[in-house]
Amino acid sequence: MELDASIDQAKWVMQDGRDVPWLLARQASERGDHPFLIWEPFTGEARTWTYAEFRAQVRRVAASLSTRGVEVGDRVLIHLDNSPEFLLSWFACAELGAVAVSTNTRSVARDMEYFAEKAHVVAAITSPGFARLVADTADDLRFLVVTADDAGEPPSSDARAELEQLSHVPFTDLLATEAEPPTRATDPTAELGIQFTSGTTSRPKAVLWTHANATWGAETSVSHLRLRPDDVTLVMLPMFHTNAQSWSMLTTLWSGGTMVLQPRFSASRFWDVALRHDVSWVSMIPFCVRALIPHDVPAEHRMRFWGIGARVPEFEERFGVLTLGWWGMTETITQGIVDSL
């Protein structure tokens with residue numbers, strides 16, 4: 001127990017003066033004109049946010065949440081598929097010192113009731129297709145924010161009809177403010193986010209991250225993967241999960257690189273997007289790799305590695321990309337075991 005306590009104390013010392021808003025502010029200052037987020041929807045045009053533009057919008061969303069009563073320590077449900085609004089909401093909660101509760105968008109009503117009750121959420125941010133589900137399962141919401149579309153897709157007629165019956169705040173309203181969010185001292189010990197485990201053997205477990213967990217995980221992952229500021233990653237795994245949220249998003253933020261975000265994996269779009277944005281690495285799963293086998297591999301791609309959980313020589317020969325074995329959990333934030341590059 002004494003050794004465990006010493007290791008834990010050492011981690012806090014390493015992260016002293018660091019939290020997620022500190023990290024975003026540092027990159028916005030040092031790499032303000034560099035692309036941080038590129039949104040590649042399946043419908044409509046791609047859009048890019050530089051580090052400075054992204055931080056400015058995060059602070060607007062944070063200020064709007066604050067004016068609606070969200071305070072330090074409050075839990076805000078984020079029930080969104082991959083989208084810019086997911087990232088803006090997550091970082092806005094971090095800016096305020098609120099706690100982002102990111103939930104699996106494949107959850108049914110029973111799951112959502114459990115998540116909302118377990119996390120004691122006070123507000124929620126979701127999309128038209130999930131608005132009724134969230135409103136009906138989170139009883140104590142002060143307000144509900146709804147995006148204009150479903151991960152880039154226009155809402156269905158049924159979803160639009162449901163929205164007309166629901167009291168909600170359009171997400172665009174959060175971006176319309178000119179107010180500044182309240183000043184908050186840097187605090188690595190503050191609560192940052194809650195994710196729920198898959199619950200394969202019991203009810204899903206709520207895993208709470210602090211800001212120190214996140215910055216430590218980001219820094220460690222960059223070291224594991226030897227990332228550079230000119231690296232570009234493609235993110236198509238779900239943002240509500242540690243893999244995309246920490247291994248891709250926070251790692252990219254720490255490195256000063258760029259993340260290209262898609263609503264979900266698409267084999268037919270993969271190489272086109274990767275070539276257009278000079279993607280250099282991707283966190284994958286074997287299913288995605290196998291789905292790419294029938295597709296032509298462009299000789300001009302600049303992929304250095306794919307992290308897929310195991311070293312697979314036949315994949316490396318087929319695609320000309322190093323495969324990286326790694327393992328981790330929601331609780332470990334970064335990779336607990338990882339191949340050397």
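Presented here is a report on the structure given in the accompanying data block. (Residues numbered from 1 in each chain as written. Predicted model: local features only at pLDDT ≥ 70, side-chain atom pairs only at ≥ 80, totals over all residues. Heavy atoms only, no water.)

1. Examining the overall build of the protein chain
So, step 1. Regarding its fold elements, the protein chain presents 13 helices and 16 strands.
So, step 2. Expected size for 341 residues packed as a compact globule is a radius of gyration near 20 Å; at 20 Å, the protein chain falls within 12% of this value.
So, step 3. When burial is assessed residue by residue, the protein chain has 54% of its 341 residues classed as buried.
So, step 4. Summed over all atoms, the accessible surface of the protein chain reaches about 14,900 Å², with 49% contributed by carbon and sulfur.
So, step 5. Taken as two groups, the 29 positive and 44 negative side-chain charges of the protein chain have centres that lie 3 Å from each other. (Helix = DSSP H or I, 4+ residues; strand = E, 2+ residues; numbered from the N terminus. Rg over C-alpha atoms; globule rule 2.2 N^0.38 Å. Buried < 20%, exposed > 50% of the residue type's maximum accessible area, 1.4 Å probe, protein only. Areas by Shrake-Rupley, 256 points an atom, 1.4 Å probe, with all protein chains shown as cover. Lys, Arg positive; Asp, Glu negative; His and termini not counted. Charge placed at Lys NZ, Arg CZ, Asp CG, Glu CD.)

2. Digging into the environment of Val 58
So, step 1. Checked against the element boundaries, Val 58 lands in helix 3 (residues 51-67).
So, step 2. A C-alpha to C-alpha distance of 23 Å links Val 58 and Arg 264, two positions 206 residues apart in sequence.
So, step 3. Not counting residues within four places of it along the chain, the set of residues in contact with Val 58 comprises Leu 24, Leu 88, Phe 91, Ala 92 and Glu 95. (Contact = heavy atoms within 4.5 Å.)

3. Things to note about helix 3
So, step 1. In this model, helix 3 (17 residues) spans 25 Å end to end at C-alpha, consistent with the 24 Å of a helix rising 1.5 Å per residue.
So, step 2. All buried positions along helix 3 are accounted for by Tyr 51, Phe 54, Gln 57, Val 58, Arg 59, Val 61, Ala 62, Ala 63, Ser 64 and Leu 65.
So, step 3. Positive phi shows up at Gly 69, right after helix 3, with a value of about 100 degrees. (Expected span 1.5 Å × (residues − 1).)

4. A short note on the side chain of Ser 83
So, step 1. With respect to the helices and strands, the residue Ser 83 is situated in the loop between strand 3 (75-79) and helix 4 (84-96).
So, step 2. Reaching out from Ser 83, the side chain makes a polar contact with the backbone oxygen of Asp 81 at a distance of 3.0 Å.
So, step 3. Leaving out residues up to four positions away in the same chain, Ser 83 has contacts with Trp 39, Ala 151 and Leu 261. (Polar contact = N/O pair within 3.5 Å; in protein donor to acceptor, adjacent residues only side chain to side chain.)

5. Here's the deal with the pairing of strand 4 (residues 99-102)
So, step 1. Here strand 4 shows no split at all, with Val 99 and Val 101 on one side and Ala 100 and Ser 102 on the other all buried.
So, step 2. Here strand 3 pairs with strand 4 via four bridges, running parallel. Residue pairing for strand 4: Ile 78 is matched across the bridge by Ser 102.
So, step 3. Each parallel crossover has a hand, and for strand 3 linked through helix 4 to strand 4 it is right-handed.
So, step 4. Sheet topology note: the strand 4/strand 8 (residues 191-196) ladder contains three bridges and is parallel. Along strand 8, the bridge assignment pairs Ala 100 with Gly 193. (Pairing = 2+ DSSP bridges. Right-handed = clockwise from strand over helix to strand, strands pointing away.)

6. Considering unusual backbone geometry
So, step 1. Residues other than glycine seldom take positive phi values, yet Asp 278 does so here, at roughly 55 degrees.
So, step 2. The topology assignment puts Asp 278 in the loop between helix 11 (267-276) and strand 12 (281-283).
So, step 3. A positive phi angle, close to 65 degrees, is found at Ile 333, a residue other than glycine.
So, step 4. By secondary structure assignment, the location of Ile 333 is in the loop between strand 15 (326-328) and strand 16 (335-338).

7. Description of the sheet that holds strand 10 (residues 232-235)
Backbone hydrogen bonds hold the strands of a sheet together, and the pairing may be parallel or antiparallel.
So, step 1. Ordered by their spatial adjacency, seven strands build an open sheet running 2-1-11-10-12-13-14, and the pairing between neighbours is mixed. In the strand order of this sheet, the two ends are held by strand 2 (47-50) and strand 14 (322-324), each with one partner. Strand-to-strand twist across the sheet, computed as the mean angle between neighbouring axes with direction ignored, equals 20 degrees.
So, step 2. In the sheet, strand 1 (residues 35-39) pairs with strand 2 via four bridges, with the strands oriented antiparallel. By the bridge assignment, Ile 38 is partnered in strand 2 with Thr 48. (Axes fitted to C-alpha atoms, helices over the stretch in contact; angles between N-to-C directions.)

8. Section: the nonpolar core
So, step 1. Membership of the largest hydrophobic core comes to 61 residues, with the highest contact counts inside it found for Phe 54, Leu 87, Trp 90 and Phe 91.
So, step 2. Leave out the neighbours within four places in its chain, and Leu 87 touches Phe 36, Leu 37, Phe 54, Met 239, Met 249, Met 259 and Leu 261.
So, step 3. Residues Leu 234, Ala 267, Met 303 and Trp 306 belong to the second largest nonpolar core, which totals 24 residues. (Core = buried A, V, L, I, M, F, W, Y, C linked by side-chain atoms within 4.5 Å.)

9. With respect to the pattern of salt bridges
So, step 1. The final tally for this structure, using the stated rule, is 16 salt bridges.
So, step 2. For Arg 18, the salt bridge goes to Glu 219, with nearest N and O atoms at 3.0 Å. Of this pair, Arg 18 sits in the loop between helix 1 (2-14) and helix 2 (20-30) while Glu 219 sits in helix 9 (residues 211-225), and the two are 201 residues apart along the sequence.
So, step 3. Exposure remark for Glu 219: the relative accessible area of 27% places this residue in the partly exposed category. (Salt bridge = Lys/Arg side-chain N within 4 Å of Asp/Glu carboxyl O.)

10. Remarks on the packing of helix 4 against helix 10 (residues 242-255)
So, step 1. Helix 10 packs onto helix 4 with a crossing angle of 75 degrees between their chain directions and a minimal axis gap of 13 Å. Here helix 4 is positioned roughly perpendicular relative to helix 10, judged by the angle of their axes. Facing Phe 86, Leu 87, Trp 90 and Phe 91 of helix 4, the residues of helix 10 in contact are Gln 245, Met 249, Leu 250 and Leu 253.
So, step 2. Looking at side-chain class alone, the contact of helix 4 with helix 10 contains seven nonpolar, one polar and no charged residues. (Parallel < 35°, antiparallel > 145°, perpendicular 65-115°, else oblique. Nonpolar A, V, L, I, M, F, W, Y, C, P; charged D, E, K, R; others polar.)

11. Brief notes about the sheet that holds strand 9 (residues 206-210)
So, step 1. If you trace the seven strands from one edge of the open sheet to the other, you get 7-6-5-3-4-8-9, paired in mixed fashion. In this open sheet, the two strands that pair with only one neighbour each are strand 7 (169-170) and strand 9.
So, step 2. Pairing between strand 5 (residues 121-126) and strand 6 (residues 143-146): four bridges, direction parallel. For Ala 124, the partnering residue across the bridge sits in strand 6 and is Leu 144.
So, step 3. Sheet strands touched by helix 9: strand 8 and strand 9. Its angle to strand 9, the strand with the most contacts, is close to 80 degrees.

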